[in-house]
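Results of the structural survey
Here is how the chains run, residue by residue.
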Amino acid sequence: MAGVFLSGDFLNLPLGLGLILVLLFGAFVGLINGVNVSVLGLPPFIATLAMMMVARGLALIISDKSTISIANTDYIALSTGNLIPGISNAALIFILLTVLAAFLMNKTLLGRYALAIGSNEEATRLSGVNVRLWKVVIYVTAGVFMAIGAILYSARFGFVQPAEGVGFELNVIAATVIGGTSLSGGRASIPGALVGALIMETLKKGLTMMGVASEWQLVVTGIVVLLAVFIDNVRRARENAA
C-alpha cells in the first residue's frame, strides 16, 4: 500500500500521512484476521493464508501487474539512510522493533495473554480473560508490525512489485520455529526468532554464494521447514510426557 499512497502514479500523499495510512491498513488487515479467527472461529493458519492470497490478488489488480516506483527520497531514506553512522536506518529500526516486541511479549498483558491463549484457550477464558477481544488485539498488533516491515522493505529499493514476498512465509515459519516458538502455541521467544531469522538469511546468502540455483534453494528451504516442525513436535511430545 506504500506504492498506492506515496507513488506519483497513484495518490502521492505527503510522507507522514502516507506512512500513517500504511500502518492503519496493516492494522486493518490484522483486524480482519482477528475477527476471522476469534469471531468466526476459522483456524488461524487457514484464515491468515486466505488473507495473504486476497492481499496478493488485490496487489496485482491495483498495480495492473506492474512495478510501482516510489521516487520520494525521504521515504527511501527511511531504510537506506544512516541516522547513526555505520548503521542503516533499516537495521536500527529492526533492532528497536525487536526490543519493543520482546517488551510486549514479556512485560505486558498483550504478551502474557497471547501465550496463555496459545497454551490453553479454554482455561484462559474461564479465568476471566476476554479471549475474543485479546485475539483481535494480538492480530492487529501483528498487522502493524507487518506494515512497518513492508515500509522498510519497499523503501530499501524505492519501488514495489505486486508479486513481491512470495515464499517469505516459509522463511518466517522456519525462523520462528527454529527460534523456539511452538506452532501449537503457548511458547515463544523474540530473541530466538531473531536468531532463527539470521540463520535462514545466512542459509539463503550462503546458497547463493555457492551458486545453488533458486529452485534448489526452495527445496532446501522446504526441508528446513519440515525439520523445524518435526523438532517442534518432538520437543512438545517430550514436554507433555514430562
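This report concerns the structure included in the present document. Bear in mind the structure is a predicted one, so any value in this text is a computation, not a measurement.

1. Remarks on the packing of helix α4 (residues 73–80) against helix α5 (residues 89–107)
It is the contact of α4 with α5, at a shortest axis distance of 5 Å, that shows an interaxial angle of 60°. The orientation of α4 with respect to α5, classified from their angle, is oblique. Residue-level inspection shows A77, L78 and S79 of α4 in contact with α5, the latter providing N89, A90 and I93. Here the contact of α4 with α5 is built from residues that sort into four nonpolar, two polar and no charged.

2. Let's talk about the packing of aromatic side chains
Here the structure, examined in full by the defined rule, presents two aromatic pairs. Aromatic side chains Y113 and W134 sit 4.9 Å apart centroid to centroid with 75° between the ring planes, which places their arrangement in the edge-to-face category. Of this pair, Y113 sits in helix α6 (residues 109–119) while W134 sits in helix α8 (residues 131–157), and the two are 21 residues apart along the sequence.

3. Re the pattern of salt bridges
Inspection of every chain in the model, using the stated rule, returns four salt bridges. Between R56 and E169 there is a salt bridge, with its nearest N and O atoms 3.0 Å apart. Within this pair, whereas R56 is found in helix α3 (residues 44–63), its partner E169 is found in helix α9 (residues 168–178), the two being separated by 113 residues in sequence. Residue R125 pairs with E122 through a salt bridge whose shortest N-O separation is 2.3 Å.

4. Observations regarding the packing of α5 against α8
Closest axis-to-axis distance for the α5/α8 pair is 11 Å, and the angle between their directions is 170°. Considered as vectors, α5 and α8 are oriented roughly antiparallel to each other. Within the contact between the two elements, α5 uses A90, I93, L97, L100, A101 and L104 and α8 uses T141, F145, I148 and L152. Grouping the constituent residues of the contact of α5 with α8 by class yields nine nonpolar, one polar and no charged.

5. Overview of a nonpolar patch on the surface
Where nonpolar side chains cluster on the molecular surface, the patch consists of F25, F28, L31, V35, V39, L40 and L42 and spans about 580 Å² of accessible area. Along the chain, the position of V39 falls in the loop between α2 (15–38) and α3.

Criteria and thresholds
- Residues numbered from 1 in each chain as written.
- Predicted model: local features only at pLDDT ≥ 70, side-chain atom pairs only at ≥ 80, totals over all residues.
- Heavy atoms only, no water.
- Axes fitted to C-alpha atoms, helices over the stretch in contact; angles between N-to-C directions.
- Helix = DSSP H or I, 4+ residues; strand = E, 2+ residues; numbered from the N terminus.
- Parallel < 35°, antiparallel > 145°, perpendicular 65-115°, else oblique.
- Contact = heavy atoms within 4.5 Å.
- Nonpolar A, V, L, I, M, F, W, Y, C, P; charged D, E, K, R; others polar.
- Phe/Tyr/Trp six-rings, centres within 6.5 Å; stacked < 30°, edge-to-face > 60°.
- Salt bridge = Lys/Arg side-chain N within 4 Å of Asp/Glu carboxyl O.
- Patch = residues over 30% accessible without salt bridge, like charges linked within 9 Å, V, L, I, M, F, W, Y side chains within 5 Å.
- Areas by Shrake-Rupley, 256 points an atom, 1.4 Å probe, with all protein chains shown as cover.

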